[in-house]
Each structure stands twice: as C-alpha cells, then as structure tokens.
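Each chain, written out:
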Amino acid sequence: MENFAENLDRIRARIAAAAERAGRDPARVTLIAVTKNVDIATVQQAVAAGVTDIGENRVQEARAKFPMLPAGVRRHMIGHLQTNKVKQCLELFDVIHSLDRLPLAEAISRRAQALGKVVPVLVQVNVAGEETKHGLAPGEVLDFVRTVAGLPGLAVKGLMTIAPLVDDPEEARPVFRELRRLADAVADAGIPGVSMEWLSMGMSNDFEVAVEEGSTMVRIGTSLFGPRRA
Ligand SMILES: *Cc1c(COP(=O)(O)O)cnc(C)c1O
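Since we're looking at a predicted model, the values are computed, not measured.

What counts, and at which threshold
- Residues numbered from 1 in each chain as written.
- Predicted model: local features only at pLDDT ≥ 70, side-chain atom pairs only at ≥ 80, totals over all residues.
- Heavy atoms only, no water.
- Helix = DSSP H or I, 4+ residues; strand = E, 2+ residues; numbered from the N terminus.
- Buried < 20%, exposed > 50% of the residue type's maximum accessible area, 1.4 Å probe, protein only.
- Polar contact = N/O pair within 3.5 Å; in protein donor to acceptor, adjacent residues only side chain to side chain.
- Contact = heavy atoms within 4.5 Å.
- Near = heavy atom within 4 Å.
- 1 Å grid on protein atoms, 1.4 Å probe; cavity = no way out; pocket = protein on both sides within 12 Å on 5 of 7 lines; lining within 4 Å.
- Sits in = over half its atoms within 2 Å of the grid points.
- Nonpolar A, V, L, I, M, F, W, Y, C, P; charged D, E, K, R; others polar.
- Points joined across faces, edges and corners; volume = space filled by probe spheres on them.
- Core = buried A, V, L, I, M, F, W, Y, C linked by side-chain atoms within 4.5 Å.
- Phe/Tyr/Trp six-rings, centres within 6.5 Å; stacked < 30°, edge-to-face > 60°.
- Lys NZ or Arg CZ within 6 Å of the ring centre and 35° of its normal.

S.K.: Which residues make up the side chain of serine 200, and what values go with them?
M.R.: Within the element layout of this structure, serine 200 appears in strand β7 (residues 198–200). On the accessibility criterion, serine 200 (0% relative accessible area) is buried. Side-chain polar atoms of serine 200 contact the side chain of arginine 219, separated by 2.9 Å. Apart from residues lying up to four places away in sequence, serine 200 is in contact with His97, Leu122, Leu159, Met160, Thr161, Leu179, Met217 and Arg219.

In structure tokens, the structure reads:
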C-alpha cells in the first residue's frame, strides 16, 4: 500500500489529538495495527514504517505470517480463542485480548506453565450485551478476575471490548465509559497480581472516542490498510 506511511501518520495524529482533548498523554496509547486478511508483504511494510504492535484474530493466519516478521514486534491475539488452539497461540503471541471464560483461562495457565511463561491477558467484556459477540457480562467481571488471578502462568493486565458498530461514534461512548468504570472497580478491589493498566478499546470507526474515554490500546485495521477483501 503506497500511502501506508501517510495513513499511519494521520491515524497517529488523530490519536494524539483525541488524547490531548481528554488531557491525556498520547504516549500512553498504543496503536495496534490489525493485520487480519492483510498480506505479509504489506505487514512487513507496516513494520518498516514504524508499526510496533500488530493484531491478528486467527491462530492459523498468524502461524502462516509471523515467521516472516522481524523479532521485537509485539503480537496481539484479538480474536475468539478456542481452547484447542491455546498451545499454538502461546507460541505465536505475546498478549491475549480475548480471555472470556474459565476453561480458557485454565488452558492458558497450563500451557504457559509448560512453556515457563507468564502470559499477559485482557478480559473481554461484552458491554452492550450483543448476542453476536463474545465476552463476559459486566456484572461477571469482578468475580471472574478474582478467580483467574489465582491461576499461575497468566497475568490479568486489563479489559477489552468491541463496541457495537454504529453510524455515529458518539453512540459508542457509553460503552467505553462503562469499560473504564469496570476497570476502575477491578483496580479498586486490589486483587493480588492483577493490574488494570491496559484498556483495549477503539477500532477504525470509534477510536477517537475510545481514546477520549481512556483507551490505552486501539486496534485499527481498515483505516490503516483499507477495506478487507476477506
Ligand atoms: C478486525 C478487528 C479490529 C479492527 O477493525 P477495523 O474496523 O478494521 O479497524 C479490531 N478489533 C478486533 C477484535 C477485530 O476483530
């Protein structure tokens, strides 16, 4: 993509402006370039242009592409994760954004211990209660975090959500605000080994609102790479 570097600059400027509107330090917002359905040559160009973090939603696709990426790029698993893919997932990815059920946490714990790793995870929350989306109900989050905090091999670092797709990003604001409120509530509970330093929220359509509401990780695909051809 010839104008990738330009797109990247523009997105970064919009993130910075949103952070400044909210009195936040733009350096506290990580841009995760979502590379699903993006060919490896383009991903390599993105990394050469300065992308430090990439997100994929399928283990299979990551397995094909990641061996061709330079070391040092942080790899984020952002899609629904099947328990039988956990082993491969931990071999490929640095961070998991989609922890949404106890058996998955247990599988991550087992496999991480076998690899001698502690895997940073975010708990996925279905804030808007959409039937088509994965994630815990907001009311389940605190108890869930308490339970998984006791498992070795993973470290809860924050929360993640996917907001409903709406025409006006302002409509997504209450969803982001609620995730932030939940993270604050979990932080206030002072659960040993748990931090709420990361809030993974905001995509191409709504990342500025998400940053205004406290996002520390925006996951952006279409705005960087153009529409997906699936
Ligand atoms: C595809 C995807 C994104 C990126 O979406 P865009 O609208 O293309 O920016 C972000 N998060 C998740 C979980 C995704 O699956």
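S.K.: An account of the site of the ligand is needed here, citing residue identities and associated values.
M.R.: Every residue close to the ligand is listed here: Val34, Lys36, Ile78, Ile162, Met203, Ser204, Arg219, Ile220, Gly221, Thr222 and Arg228. At 2.5 Å, a side-chain N or O of serine 204 approaches an oxygen atom of the ligand. Contact between the ligand and glycine 221: an oxygen atom at 2.8 Å from a main-chain N or O atom of the residue. Taking a 2 Å distance to the grid points as the criterion, the majority of the atoms of the ligand fall inside the largest pocket. Taken together, the residues that form the shell around the ligand break down as five nonpolar, three polar and three charged.

S.K.: I'd like a description of the layout of surface pockets, backed by residues and values.
M.R.: The computed volume of the largest pocket comes to approximately 580 Å³. Forming the walls of the largest pocket are 26 residues, and the residues nearest its centre are Lys36, Ile162, Met203, Arg219 and Arg228. Here the lining of the largest pocket is built from residues that sort into 10 nonpolar, 10 polar and six charged. For the second largest pocket, the calculated volume is near 180 Å³. Surrounding the second largest pocket, Arg24, Arg28, Arg180, Ala183, Asp184, Ala187, Met196, Glu197, Leu199, Gly214 and Thr216 form its lining. The element best represented in the lining of the second largest pocket is helix α7 (residues 173–188), accounting for four residues. For the lining of the second largest pocket, a count of residues per class yields four nonpolar, two polar and five charged.

S.K.: Could you give an account of the nonpolar core, with specific residues and numbers?
M.R.: Nonpolar side chains in soluble globular proteins generally cluster together in the buried interior. Counting residues in each nonpolar core, the largest one holds 68 residues, and the members touching the most others are Ile96, Leu99, Ile108, Val156, Leu159 and Leu224. Among all residues touching valine 156, those that are not within four sequence positions of it are Val121, Val123, Val145, Val148, Gly193, Val194, Ser195 and Met196.

S.K.: Got a sec to walk through the packing of aromatic side chains? Specific residues and values, please.
M.R.: For the coordinates displayed, the defined rule picks out two aromatic pairs. Ring geometry for phenylalanine 4 versus phenylalanine 225: centroids 5.2 Å apart, planes at 25°, classification stacked. Here the residue phenylalanine 4 occupies a position in helix α1 (residues 4–21), and phenylalanine 225 occupies one in helix α9 (residues 222–225), the gap between them amounting to 221 residues. Judged by centre distance (5.1 Å) and plane angle (70°), the ring pair of phenylalanine 66 and phenylalanine 93 falls under edge-to-face. Here phenylalanine 66, found in the loop between α3 (59–65) and β3 (74–77), pairs with phenylalanine 93, found in the loop between α4 (86–92) and β4 (95–99); they are 27 residues apart in sequence, far enough to count as distant. In terms of burial, phenylalanine 66 and phenylalanine 93 fall into one category: buried. For arginine 75, the ring lying beneath its charged end belongs to phenylalanine 66, and the centroid distance is 5.2 Å.

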